[in-house]
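Architecture at a glance
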Amino acid sequence: MSTVTTDPHAHGDHHDEHHHSPPAGLKRWLYTTNHKDIGTLYLLFALTMFFIGGAMAMVIRAELFQPGLQLVQADFFNQMTTVHGLIMVFGAVMPAFTGLANWLIPMMIGAPDMALPRMNNWSFWILPFAFSILLASLFMEGGGPGFGWTFYAPLSTKYSGDSTALFVFSVHIMGISSIMGAINVIVTIFNLRAPGMTWMKMPLFVWTWLITAFLLIAVMPVLAGTVTMVLTDKYFGTSFFDAAGGGDPVLFQHIFWFFGHPEVYIMILPAFGIVSSIVPTFARKPLFGYASMVYATSSIALLSFLVWAHHMFTTGMPVFAELFFMYCTMLIAVPTGVKVFNWVATMWRGAMTFEVPMMFALAFIVLFTIGGLSGLMLAITPADFQYHDTYFVVAHFHYVLVTGAIFSIIAAAYYWLPKWTGHMYDETLGQWHFWCSLISVNMLFFPMHFVGLAGMPRRIPDYALQFADFNAFISIGGFAFGLSQLIFVWVLVKCIRGGEKATAQVWEGAEGLEWELPSPPPYHSFTTPPHVK
Amino acid sequence: MAKTSRYRCTLLSLLFVETATAAELPLNMTKGVTDISLQVYDLHMTIFYICCAIGLVVFGAMFWAIIHHRKAKGVQPAQFHESTKVEILWTAIPVVILVIMAIPATKTLIAMEDTSDSDVTILVTGSQWKWHYKYLDYPVEYYSLLATPQKQIQNKIAKGENYLLEVDRPLVIPTGKKVRFLMTSDDVIHSWWVPAFAVKKDANPGYINESWANVNEPGIYRGQCAELCGKDHGFMPVVVIAKEPAEFDSWIRQEAETQAKAKAAEQELLSMNMTMAEAMALGEKTYLGYCAACHQPGGQGLPGAFPALKGSKMATTATELAAHIDIVLNGKSGTAMQAFGKQLTLQEIAAVITYERNAWDNNTGDLVQAAAIHAAKTGNKE
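- Naming follows an unreviewed UniProt entry, where chain A appears as Cytochrome c oxidase subunit 1 of Rheinheimera riviphila.
- Its UniProt record gives chain A the following Pathway (unreviewed entry) comment, quoted word for word: "Energy metabolism; oxidative phosphorylation."

What to know about the overall build of chain B
- Per the secondary structure count, chain B includes 11 helices and 10 strands.
- For chain B, whose C-alpha radius of gyration is 28 Å, the value lies well above the compact-globule estimate of 21 Å for 382 residues.
- Dimensions along the principal axes, computed over C-alpha positions, put chain B at roughly 95 × 50 × 40 Å.
- Burial status across chain B gives 38% buried among its 382 residues.
- Considering only residue pairs separated by 6 or more positions, chain B has 61% of its internal contacts joining residues 24 or more positions apart.

Regarding the overall build of chain A
- Helix and strand counts for chain A stand at 17 helices and 0 strands.
- Its C-alpha atoms give chain A principal-axis dimensions of about 70 × 50 × 45 Å.
- At a minimum sequence separation of 6, the contacts of chain A that also span at least 24 residues come to 84%.

A few points about the domain arrangement of chain B
Residues and elements named next belong to chain B.
- When its domains are assigned, chain B resolves into domain 1 (31-112), domain 2 (120-265) and domain 3 (270-381).
- Placing the centre of domain 2 and that of domain 3 at their C-alpha centroids yields a distance of 26 Å.
- At the junction of the two partners, domain 2 supplies 8 residues and domain 3 supplies 5 residues.

Some points on the pairing of strand β2 (residues 130-135) of chain B
All names here are of chain B.
- The sheet contact formed by strand β1 (residues 120-127) and β2 spans 6 bridges and is antiparallel. Bridge pairing in β2 places Val124 opposite Tyr133.
- Where β1 folds back on β2, the antiparallel hairpin that results is connected by 2 residues.
- Strand direction decides the pairing type here: β2 and strand β3 (residues 140-144), joined by 5 bridges, are antiparallel. Along β3, the bridge assignment pairs Tyr133 with Tyr142.
- Hairpin connection between β2 and β3: a loop of 4 residues separates the two successive antiparallel strands.

A few points about the sheet that holds β2 of chain B
All names here are of chain B.
- One open sheet accounts for 5 strands, arranged β3-β2-β1-β5-β8; its pairing is mixed. Looking at strand neighbours, the two that pair on one side only are β3 and β8 (209-213), the edges of this open sheet. Strand-to-strand twist across the sheet, computed as the mean angle between neighbouring axes with direction ignored, equals 20 degrees.

What about unusual backbone geometry?
- Following Ser519 of chain A, the chain continues to Pro520 of chain A via a peptide bond in cis, the omega torsion being -5 degrees.
- Tracing the chain through its elements places Pro520 of chain A in the segment after α17 (468-497).
- Gln128 of chain B connects to Trp129 of chain B through a cis peptide bond whose omega is -5 degrees.
- On the secondary structure map, Trp129 of chain B appears in the loop between β1 and β2.
- Residues other than glycine seldom take positive phi values, yet Arg459 of chain A does so here, at roughly 60 degrees.
- Within the fold, Arg459 of chain A resides in the loop between α16 (427-453) and α17.
- Residue Ala198 of chain B is not a glycine yet carries a positive backbone phi of 55 degrees.
- By the secondary structure assignment, Ala198 of chain B is in the loop between β6 (190-194) and β7 (199-203).

Thoughts on the packing of helix α11 (residues 319-331) of chain A against helix α4 (residues 84-112) of chain B
- Following both chains from N to C, one finds α11 of chain A and α4 of chain B inclined at 160 degrees, their axes separated by 11 Å at the closest point. Relative to α4 of chain B, the element α11 of chain A is oriented roughly antiparallel. The chirality of how α11 of chain A crosses α4 of chain B is right-handed. Seen from α11 of chain A, the contacting residues are Val319, Glu322, Leu323, Met326, Tyr327 and Met330 of chain A; seen from α4 of chain B, they are Leu98, Met101, Ala102, Ala105, Thr106, Leu109 and Ile110 of chain B.

Points about the sheet that holds strand β9 (residues 219-225) of chain B
Residue and element names in this part refer to chain B.
- Reading across from one edge, β4-β10-β9-β6-β7 is the order of the 5 strands in this open sheet, with mixed pairing throughout. Each edge of the sheet is formed by a strand with only one pairing partner; in this case those strands are β4 (171-174) and β7. With direction set aside, neighbouring strand axes in the sheet form an average angle of 25 degrees.
- Sitting on the sheet, helix α6 (residues 245-269) touches β4 and β10 (237-243), and the angle it makes with β4 is about 135 degrees.

A word on the interface of chain B and chain A
- Facing the 88 residues of chain B at the interface are 87 residues of chain A.
- For the side of chain B that touches chain A, the secondary-structure elements that each account for two or more residues are α2 (17-22), α3 (35-68), α4 and β7 of chain B.
- In the side of chain B that touches chain A, the residues fall into 51 nonpolar, 23 polar and 14 charged.

A look at the pairing of β9 of chain B
Residue and element names in this part refer to chain B.
- Within β9, 5 of the 7 residues are buried, which leaves it mostly tucked inside the rest of the structure.
- Alignment of β6 against β9, held across 2 bridges, turns out to be antiparallel. Bridge assignment links Trp193 to a residue of β9, and that residue is Gln224.
- As defined by bridge partners, β9 adjoins β10 across 6 bridges and the pair is classed as antiparallel. Bridge assignment links Tyr221 to a residue of β10, and that residue is Val240.

A closer look at the UniProt feature "domain: Cytochrome oxidase subunit I profile" (unreviewed entry) in chain A
- As recorded in UniProt, the feature "domain: Cytochrome oxidase subunit I profile" (unreviewed entry) lies at residues 29-533 of chain A.
- Helix makes up 68% of residues 29-533 of chain A and strand makes up 0%, while its end C-alpha atoms are separated by 36 Å.

Section: the environment of Ile474 of chain A
Residues and elements named next belong to chain A.
- Here Ile474 shows up in helix α17.
- On the basis of neighbour counts, which here come to 23 C-beta atoms within 10 Å, the residue Ile474 falls in the buried class.
- Residues Ile474 and Thr228, 246 residues apart in the sequence, show an inter-C-alpha distance of 37 Å.

Side note on helix α7 (residues 204-235) of chain A
Residue and element names in this part refer to chain A.
- End to end, α7 covers 46 Å across 32 residues, agreeing with the expected 46 Å (1.5 Å per residue, within 8%).
- The largest bend along α7 measures about 30 degrees and falls at Ile217, with the proline Pro221 one to four residues further on.
- Taken from the residues just after α7, Gly237 is the one with a positive phi, measuring 75 degrees.

Here we look at the packing of helix α2 (residues 35-63) of chain A against helix α3 (residues 74-109) of chain A
Residues and elements named next belong to chain A.
- Closest axis-to-axis distance for the α2/α3 pair is 7 Å, and the angle between their directions is 160 degrees. In terms of orientation, α2 lies roughly antiparallel with respect to α3. Regarding α2 and α3, the two cross each other, and that crossing is left-handed.
- The residue makeup of the contact of α2 with α3, split by class, is 22 nonpolar, 9 polar and 2 charged.

Regarding α6 of chain B
- Compared with an ideal rise of 1.5 Å per residue, which puts 25 residues at 36 Å, α6 of chain B spans 36 Å between its outermost C-alpha atoms and is within 8% of the ideal.
- By the criterion of burial, α6 of chain B is predominantly exposed, with just 2 of the 25 residues buried.

Points about the environment of Pro77 of chain B
- The topology assignment puts Pro77 of chain B in the loop between α3 and α4.
- Using a count of 17 C-beta atoms within 10 Å as the deciding quantity, one classes Pro77 of chain B as partly exposed.
- Separated by 126 residues in the primary sequence, Pro77 of chain B and Ala203 of chain B have C-alpha atoms spaced 59 Å apart.
- With near-sequence residues (within four places) excluded, Pro77 of chain B lies in contact with Ala283, Arg284, Lys285, Gly350 and Ala351 of chain A.

So, how was this worked out
Residues numbered from 1 in each chain as written. Chains lettered and ligands numbered in written order. Predicted model: local features only at pLDDT ≥ 70, side-chain atom pairs only at ≥ 80, totals over all residues. UniProt positions renumbered as here; feature names shortened; annotations may be inferred. Helix = DSSP H or I, 4+ residues; strand = E, 2+ residues; numbered from the N terminus. Rg over C-alpha atoms; globule rule 2.2 N^0.38 Å. Buried ≥ 20, exposed ≤ 12 C-beta atoms within 10 Å, placed from the backbone. Contact = placed C-beta atoms within 7 Å. Domains from an automatic or database assignment. Pairing = 2+ DSSP bridges. Axes fitted to C-alpha atoms, helices over the stretch in contact; angles between N-to-C directions. Parallel < 35°, antiparallel > 145°, perpendicular 65-115°, else oblique. Left-handed = near helix turned anticlockwise from the far one by under 90°. Nonpolar A, V, L, I, M, F, W, Y, C, P; charged D, E, K, R; others polar. Expected span 1.5 Å × (residues − 1). Bend = angle between axes of the 7 residues up to and from the residue.

Shown next as structure tokens:
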């Protein structure tokens, strides 16, 4: 896509910047303003949270292995589902994407670093505090938040424990972190693109992240407003969500989902960018329909503000509103379809090879599409009355978030790991990781569709006997998927510590500025801006 | 639910034959027993088949490429990367498919939301964690609680056939009549769901939602609360018995009579006194049914969530007796403590307060009678 010419005279302007090396030890990580260090911190933090949230999922699956209450009691079960959701959304998926943005955006657009490095440091370092507060609330008297990650009022206001205050403050900190991260991405992309890197020459990962960043800035303040209203309803006598004081509990859901639906796309648009980077590389063929990919991503982002109430069809909306939200939701299938068709067209008549990143990207395309199709089914309001709040929904959003967002993050890690570390990862172990994950994740989530259609509600600690066999099977899939991720850690550790030396281009078909830098890249990416032709 | 197994969809069951035969799990959405639920089922199957067809085409093309267009076969990659014609085509085709899907969906939705001209109206009120049914056309109302014993849930005895899907008093409705349900809640949001009727509607505190069903076949239909409503969300099932209209009429007449008699009897009971043993026996039964979910069977509560009664100031000091009666009758606003005045009889309230003041070493020796509760209740009204 681009070729680089380095201007030798430009070096003089950047005296000693590219000479200084980072301080050693803990100080390096605490004080760092370097996009690569911060990217690494974000990614390691996300991985840690992935395992903590995963451990909670294991508790849930162990309790649901058999009917009856055996391991945990109902209130603790609710805390597990709640905190699992919060950790995975705000602690695993979002920071992982921010980590990838930090590492990759400056390298992809030919910049030396992110535009706002000190803010970058701060936006990462407040996250561990946010999650410490959230996790600490589990050890309070009465336990942690147990009202679901969607914290519907009045369950989260009048009827919740005092852990709600900690929950609210930790969500505030997560929101501040996300907004700062988003501002940084936008400022970097607008100001630090190399000469010649016009908008329609930007890699799709940069495009999708730019749109994601605008979504974040639009909706994270809405979430902050929602949690604040919960806080004041609970502690300061307001009645935003209490009919007795002139409020409305359904108002909560409108505000929450006005944040919540764009949030769903915040967690999937960067994934589209990753897959659009990987598929052309391993098909050795340019991405099909680059421009339509950009337009499709923008349309999805705009539509995401018009569909929030499809999460609320059973709340008793007027028929007109139900029809409006049904039609808008169905419409999202069009740009999403365009993306999937473009990926398939990119593979068509290419010369494909199937290294681990490509395997995860291919699995993403198939399994994300399954999640998209069940999403289309959920859009049909009359049918949604039957699907809503059952395991069918649980299956749907785990297909989109686990085999969608998380598979794309894993694909990205394998794809850029040789660039980051300078070493090739162990291909055999990586393939083991892929196949174990693929089989177990489908054992885990596919049967949930049937359990949901057969009538099992979500968020219940115990269930009727006809669901027993399927739940046992699902739990086995869950444990297997959890264990499979340990292979990933093994691959990562092995690759960071050593391995076959990676070339600058790493992959035969890879194109883009990040592949022109040596592997590993210098501490400051492009001290001299490259010229993109 | 076992009823619905005969409707299992052949295509889906092919995928999971072995597991499906072991349990009685229906693998698909129920066709239900109303015209609307059948329409919803047909809609569900139509979209499902369309999605399968789309999946087949897209994944078919993808796997064709994976098999034939691989480097190992020595192919040279093509370099094409756009085609406006193709892109317009695969934008337009999905739009057409969506319109085809939207037409029947719109029709069904409009029919589902038309609650006019109903024959029977029932007010359904959710509260943590039970349902209350009130027939607006008859002087009949009652609570419906989970009937599965705690011992089954705690795995101490074998689980029954309808484990977690059984209640003490099911809702009874007539077949062949348009029954309108009005949903509301006393505390948090609940959601009243009967799959066989394709009715799932949130019960929002302070607001009233509507839904309806016209059931074609007599039978017992089971469902559950579908909206997370706190600790025992998984333990508030819905059971509906649909009876032929004549049978329903005789049932409701008898029920109205029984309830009128009970009310009259309660007035008589005011002058009668329970012995300590009677009060403790009735109190224990009532406590385990209504109070133990939060305050726990041993009265120790759940620290931080639900206060202990064992050794508490309110349940052990004589001066707090009036406050004790008040909180059980009227609840405590801003907390999960409900008003039990309308849920329990005067005698039950007297007994449960007696029980709370004497069980678990509270040993106050206080014996509260129905008359005292009646006095507190009528005193409140003035």
